[in-house]
Amino acid sequence: MESDTSQYIFDIFLGFSSQYFKINTSSQLLVFNQNFNELSSYQTAENFKVPQFELDIFVDVDNQEGACEWFKEYESKSKTTMPQTRGYDIKGDRVLFREQRHCIHSHEVKKKQGKNAVTKRPQSLRARDTCCTAAIHLRLNRQRLSHTHPLEINLKYTHNHVINSAESLSFRQVKEEVREELLELFKDGHSPSSALYVYQDKLHLEASDEQELIELLADRSVNPDYDYVAKLFQEYREAVLGSRNEYDARTGKSFILCIVTGLMSRIHEKVPQAAEICYVDASASFEPLNTSITLLYTSCAIGALPLGLIVTSDELEITLEKAFNMLKTILPPHAFYGCGPQTGPILFLTDDSTFWRWLHDSKHHIKKEDRVSIMTKMKKILYALLSTEMDAFYHEFKQEFYHSYPQLQKHFELLWERRCLWALSYRSGLPTRGNNTNNYVEKSFGILKDIVFARTQAFNSVQVFQFITTNMERFYQCRILGFANKHPGHLQIANQFLCPGWESVCQNGILETNVMNEFLVQSTSQDSGTFYVVNSEFGTCSCPVGISGAPCKHQGAVSMKFHISMFNFIPSLTPDDRIIYTYIALGYVAKDRSFYASLHAKPAPQSQEIIHSEMAVPNNTLILEIKELSEENKEVDILEFSSFLEEMKLDYQNAGQILRTSLDKFKDRYNAAKSKSIPRLSSFLYDLNRNIDPMARINSGAHIRVQVESVKRRKTQGSSNKRRISVPTRNEKENLDPQAIPARKKKKTGKKEHNLSVHIVKNQPN
């Protein structure tokens, strides 16, 4: 046989078949003991020669699995794809395995796949059938099992195309290992296009040279096409996520999914603000069926943190009511910082801001020139600090507008009936901590859409659940750990949590009271003898800002002077506080507490006993005083207190459900305060029944804050730091650098500014 054909056969088989074949390679030629028939080479229209031959060989394989494995290696080495065209029925025990295969470009493959034998578009670039006659026949007889090479192979190598051309390689079947690698990318959240991009990028890095890279990218078995990847992604999505189920609330088939992750449970357990305030809001368009996601969040010095999440097929009242009842069943017993799922926090805050839009609705017939006046009066009612002021503004509102607008009268009377929910005068004494809107949860929806969902709709509710329990959980873990580890990038948040303005407070004017954790701080106003009461334990101040628990400069001054940890301020977080945040994020903390040590730690304050001993007092005197104190503790009479506990026990048993619920709440808060420290417990018990008027020193109240993003867009006319715009003269234009790229003119967008005050001034809908 000719040397080029023999060398071709040698290149195909030698790389993997030495373990199977009886070969002699002494002269770099394959010599088979079986029939070999060399045929004339096939010459294509483009003048390329394709060697052709027929070969009968026997292989060292004695079972069907081994035969299939050998054939896979043959396809890989020869760069051919030969699907099965005929499988023989095994009758009797003479034949153990037998099958016939043809080249993928054979007409027999087309008939086997059940397609019309006539090619509809033979001139198409992707027409696969070239009537190739190449085939292979495998047969394993029982009588040959005693031989060393029992598997019989009849190879008819009569291809009518170049088998290793780029176009031929593009028809190869994708390897199983490539398929598994793409599935792993799908599990990591990749789409078909991004998965294919990542995989092809890996092929570029793994190729040893340009020639290998060309072959890898052309071979469909290792570099599948996008249609295959998209179809594989669809199969994966249906297998893992299921189909897109539809729900109809009107027929009683609404869908409800409640989620409380491990991180959310730890936030309930360790964040005190969870017992005070919970922000609630809903949004939709997270997946094609437009299911709604309702978020429950609380806020602290490090920002908004999730407490739970509800996914519903609609926002009907009956659906949401059932969803919240279901959420109670999966909340932990320590929910809302020990208050429990049935009691909940002190305050729920949600959104209700449709009045300005109602005024602009043409069907309500409100004159354009009256809209701003109506809204101004409404704001006076809203911002009134006392109920008497609010009632006065309400009567003015009625007298001025009710006679002209009957629809406005009907609508506003409905709002007035529920004024306790939106008027600021009804929020005195509530722990809003300066938050009178639910901007925290509004911002959290931006995080959910931009980062967690990457502005991509999920396939169905199952994938929504997957994104929340993986991507969202990971985002908040990293965010909380950033604060716990004091990473500088995580400290650039609202200035109110970084002790602003505390330097203006005279620290010499801060006095400690007889009450534990309570201080008197003098007002910074000139010629003012006013003092504000600061409680470092609960993070409150009697000033207009801190009365609701918001951080203020008086609290910051107390924290900085006495080095007291206050959860309203990030700089005052102690190692214990950072340990708590690490536990919230991971449910685990570093083994060595020194990992959370402060870089600028001050010397530890010396205790009273040590100072006493340094004043040259004999050691035996100090020991005697400690012993006397210990004896005093032993002599405490508990009889009177025991009788009080017995009386409380009887009241708990006989006084009814209302008192039992109150005592249960007291027990939970007692244990929560005790778990922190004995001083915190003492402060909690001392302040429990104090009869102090929280409005005694209020001159003005906290204003309702605007949306977070609107602050960035705010423009103040006449501001001293306003940027000046200078227009270059003709000579200056001629002297401009010709190489400099001119700044692109910003196109004015039609999107309205997210600021209600601006829209009211312009008298336009929000």
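Residues numbered from 1 in each chain as written. Predicted model: local features only at pLDDT ≥ 70, side-chain atom pairs only at ≥ 80, totals over all residues. Heavy atoms only, no water.

Details of the pairing of strand 5 (residues 135–141)
- Of all seven residues in strand 5, seven are buried, a share of seventy percent or more.
- Residues of strand 5 alternate between two faces, with Ala135, His137, Arg139 and Asn141 on one and Ile136, Leu138 and Leu140 on the opposite face, all of them buried.
- Bridge count between strand 4 (residues 95–102) and strand 5: seven bridges; the pairing is antiparallel. Residue glutamate 99 lies in a different strand from strand 5, and its bridge partner there is leucine 138.
- Sheet analysis places strand 5 next to strand 6 (residues 151–157), joined by five bridges and oriented antiparallel. Paired with leucine 138 across the two strands is isoleucine 153, which belongs to strand 6. (Buried < 20%, exposed > 50% of the residue type's maximum accessible area, 1.4 Å probe, protein only. Helix = DSSP H or I, 4+ residues; strand = E, 2+ residues; numbered from the N terminus. Pairing = 2+ DSSP bridges.)

Details of unusual backbone geometry
- The phi dihedral of tyrosine 337 falls on the positive side, at around 55°, and the residue is not glycine.
- Within the fold, tyrosine 337 resides in the loop between helix 10 (317–330) and strand 11 (347–349).
- For tyrosine 337, a relative accessible area of 16% gives the class buried.
- If you check the backbone angles, histidine 365 has positive phi at about 60° while not being a glycine.
- By the element assignment, histidine 365 lies in the loop between helix 11 (355–360) and helix 12 (368–383).
- Relative accessible area serves as the criterion here: at 59%, histidine 365 is assigned to the exposed category.

A short note on the UniProt feature "domain: SWIM-type" (unreviewed entry) in the chain
- If you check UniProt for "domain: SWIM-type" (unreviewed entry), the listed places come out as residues 532–563 in our numbering.
- With 31% helix and 19% strand, the stretch residues 532–563 has end C-alpha atoms that lie 19 Å from each other. (UniProt positions renumbered as here; feature names shortened; annotations may be inferred.)

Overview of the sheet that holds strand 7 (residues 256–259)
- Taken in spatial order, the five strands of this open sheet run 7-10-9-8-11, and their pairing is mixed. On the outer flanks of this sheet lie strand 7 and strand 11, each paired with one strand and no other. Looking at each pair of strands side by side, their axes are set apart by 25° on average, direction ignored.
- For strand 7 and strand 10 (residues 303–312), the ladder comprises four bridges, and the chain directions are antiparallel. Across the sheet, isoleucine 256 pairs through a bridge with threonine 312, a residue of strand 10.
- Along the sheet, helix 9 (residues 262–270) makes contact with strand 7, strand 9 (292–300) and strand 10, crossing strand 10 at roughly 125°. (Axes fitted to C-alpha atoms, helices over the stretch in contact; angles between N-to-C directions. Contact = heavy atoms within 4.5 Å.)

A closer look at the pattern of salt bridges
- Using the criterion set out here, one finds 15 salt bridges in the structure.
- When the shortest N-O distance is used, the salt bridge between lysine 202 and glutamate 206 registers 3.7 Å. Of this pair, lysine 202 and glutamate 206 both sit in helix 6 (residues 192–206), four residues apart, which is roughly one turn of that helix.
- Put simply, Lys79, Arg172 and Asp219 are held in one network by salt bridges that share partners. (Salt bridge = Lys/Arg side-chain N within 4 Å of Asp/Glu carboxyl O.)

Observations regarding the packing of aromatic side chains
- Enumeration according to the criterion identifies 24 aromatic pairs in this entry.
- Relative to phenylalanine 412, the ring of tyrosine 394 lies with its centre 6.2 Å away and its plane at 20°, an arrangement referred to as stacked. Linking tyrosine 394 in helix 13 (residues 387–401) with phenylalanine 412 in helix 14 (residues 406–417), this pair joins segments that are 18 residues apart in sequence.
- A relative accessible area of 6% means that tyrosine 394 is categorised as buried.
- Of the residues examined, phenylalanine 412 reaches a relative accessible area of 0% and is grouped as buried.
- Judged by centre distance (5.1 Å) and plane angle (90°), the ring pair of phenylalanine 595 and tyrosine 596 falls under edge-to-face.
- With relative accessibility at 55%, the residue phenylalanine 595 sits in the exposed group.
- Three or more aromatic residues link up through ring pairs in this structure, and these residues are Phe355, Trp358, Tyr394, Phe397, Phe401, Tyr402, Phe412 and Trp416.
- Sitting over the face of the ring of phenylalanine 58, arginine 144 holds its NZ or CZ atom 3.9 Å from the ring centroid. (Phe/Tyr/Trp six-rings, centres within 6.5 Å; stacked < 30°, edge-to-face > 60°. Lys NZ or Arg CZ within 6 Å of the ring centre and 35° of its normal.)

Quick notes on the confidence of the model for the chain
- Looking at the chain as a whole, its pLDDT mean stands at 78, while 75% of the residues score no less than 70.
- Here helix 20 (residues 608–614) is the element of the chain with the lowest mean pLDDT, 37, and helix 9 is the one with the highest, 94.
- Within the model, pLDDT remains below 50 along residues 14–33, and this stretch shows 46 contacts once partners closer than five positions in the same chain are excluded. (pLDDT = per-residue confidence, 0-100.)

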